[in-house]
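Below, each chain spelled out in residue letters.
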Amino acid sequence: GEFPAIWGQGQHGGFSSIEGRQKLHQAIHQAKTDGIEAMRTMALFADLRSAIRQDSNGQFILDGQGRFQWDTKVMSDLVAYFEEHKEAGVKALPVLFDFRLADGISIESVPGNSYKVGEHPELFTDITMQNKLLDLYAGLFEKFYDPNDPQFGQLNLREVVTLWQVMNEPESATGVEFQLV
């Protein structure tokens, strides 16, 4: 996706960027060389600091019908991710989110810079926000497994993806009560 903050406003740092694709290719092909048959990819959408369009305050930007919107690079990043796995013959085990989505930390710092991170506990506590997120992902998964989809149909993800993990270490999402995660 597009990564504001530390990488620079609106700069693309995803799998479909030149550098991102090279790193992804190297990692997957090294795994294949090492005899690894399936590869778990940490948090494709991480803490949502990118992927779903947000304003400069980290609030989700809704379309005219009140729905979440993907940022401009998500689909090309996902295509690149699945193409590399398919080409190498290494099964994908994608993780959608990281516990940092609701870990209570909203500002991170590196030398000389502080920036807002994903922190969206409302996705666990607000049923309207949950439904918006579920609708967005339902549409994405429909695209993934539609053989006629122009972006994903030819990838045959049933043969590429071994399983989907919804969240990495949900017990560490300490910004909300555990039963909500």
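These lines cover the structure that appears in this document, whether it is placed above or below. (Residues numbered from 1 in each chain as written. Predicted model: local features only at pLDDT ≥ 70, side-chain atom pairs only at ≥ 80, totals over all residues. Heavy atoms only, no water.)

1. Re the overall build of the protein chain
Move 1: Helix and strand content of the protein chain: five helices and seven strands.
Move 2: N-terminal to C-terminal, the α/β element order of the protein chain is β-β-α-β-α-β-β-β-α-α-α-β.
Move 3: On C-alpha atoms alone, the protein chain measures out to a radius of gyration of 17 Å, which is about the 16 Å that the 2.2 N^0.38 rule sets for 181 residues.
Move 4: In terms of overall dimensions, the protein chain has a C-alpha envelope of 40 × 40 × 30 Å along the principal axes.
Move 5: Taking all contacts inside the protein chain whose residues are at least 6 apart in sequence as the whole, residues at least 24 apart take part in 67%.
Move 6: In the structure as shown, the protein chain presents an accessible area of about 9800 Å², 52% of it carried by carbon and sulfur atoms.
Move 7: A gap of 4 Å separates the mean positions of the 15 positive and 26 negative side-chain charges of the protein chain. (Helix = DSSP H or I, 4+ residues; strand = E, 2+ residues; numbered from the N terminus. Rg over C-alpha atoms; globule rule 2.2 N^0.38 Å. Contact = heavy atoms within 4.5 Å. Areas by Shrake-Rupley, 256 points an atom, 1.4 Å probe, with all protein chains shown as cover. Lys, Arg positive; Asp, Glu negative; His and termini not counted. Charge placed at Lys NZ, Arg CZ, Asp CG, Glu CD.)

2. With respect to unusual backbone geometry
Move 1: Unusually for a residue other than glycine, Ala-46 sits at a positive phi of about 40 degrees.
Move 2: By the secondary structure assignment, Ala-46 is in the loop between strand 3 (38–41) and helix 2 (74–88).
Move 3: Not every positive phi belongs to a glycine, and Glu-169 is a case in point at roughly 45 degrees.
Move 4: Mapping Glu-169 onto the fold places it in the segment after strand 7 (165–168).
Move 5: Taking relative accessible area as the criterion, Glu-169 reaches 37% and is therefore assigned partly exposed. (Buried < 20%, exposed > 50% of the residue type's maximum accessible area, 1.4 Å probe, protein only.)

3. Describing helix 2
Move 1: Its 15 residues give helix 2 an end-to-end C-alpha distance of 21 Å, which sits within 8% of 21 Å, the value for a rise of 1.5 Å per residue.
Move 2: Across the 15 residues that make up helix 2, a large majority, eleven, are buried.
Move 3: Within the span of helix 2, buried status applies to Val-74, Met-75, Asp-77, Leu-78, Val-79, Ala-80, Tyr-81, Phe-82, Glu-84, His-85 and Ala-88.
Move 4: Where helix 2 ends, the next residue or the one after it, Gly-89, has phi of about 75 degrees, a positive value. (Expected span 1.5 Å × (residues − 1).)

4. Brief notes about helix 1 (residues 18–33)
Each turn of an α-helix holds 3.6 residues, which means side chains three or four residues apart point in the same direction.
Move 1: In this model, helix 1 (16 residues) spans 22 Å end to end at C-alpha, consistent with the 22 Å of a helix rising 1.5 Å per residue.
Move 2: Those residues of helix 1 that fall on the buried side of the exposure criterion are Gly-20, Leu-24, Ile-28 and Ala-31. End-on view of helix 1: buried residues confined to an arc of 55 degrees, all on one side of the axis. The exposed residues of helix 1 that point more than 90 degrees off its buried face are Ile-18, Glu-19, Gln-26 and Thr-33.
Move 3: Those residues of helix 1 that are buried are in contact with strand 3 and helix 2.
Move 4: Phi turns positive one or two residues past the end of helix 1, at Gly-35, with a value near 85 degrees. (Arc of directions from axis to C-beta.)

5. Here we look at the sheet that holds strand 4 (residues 91–98)
Move 1: One open sheet holds the three strands; their spatial order is 3-4-7, and the pairing between them is parallel. Edge positions in the sheet fall to strand 3 and strand 7, since each has one partner strand and no second. The mean inter-strand angle of the sheet, taken between neighbouring strand axes irrespective of direction, is 35 degrees.
Move 2: As judged from the three bridges shared by strand 4 and strand 7, these two strands associate in the parallel manner. Counted as the bridge partner of Val-95 is Gln-165 from strand 7.
Move 3: Lying on the sheet, helix 2 is in contact with strand 3 and strand 4; it crosses strand 4 at an angle near 150 degrees. (Pairing = 2+ DSSP bridges. Axes fitted to C-alpha atoms, helices over the stretch in contact; angles between N-to-C directions.)

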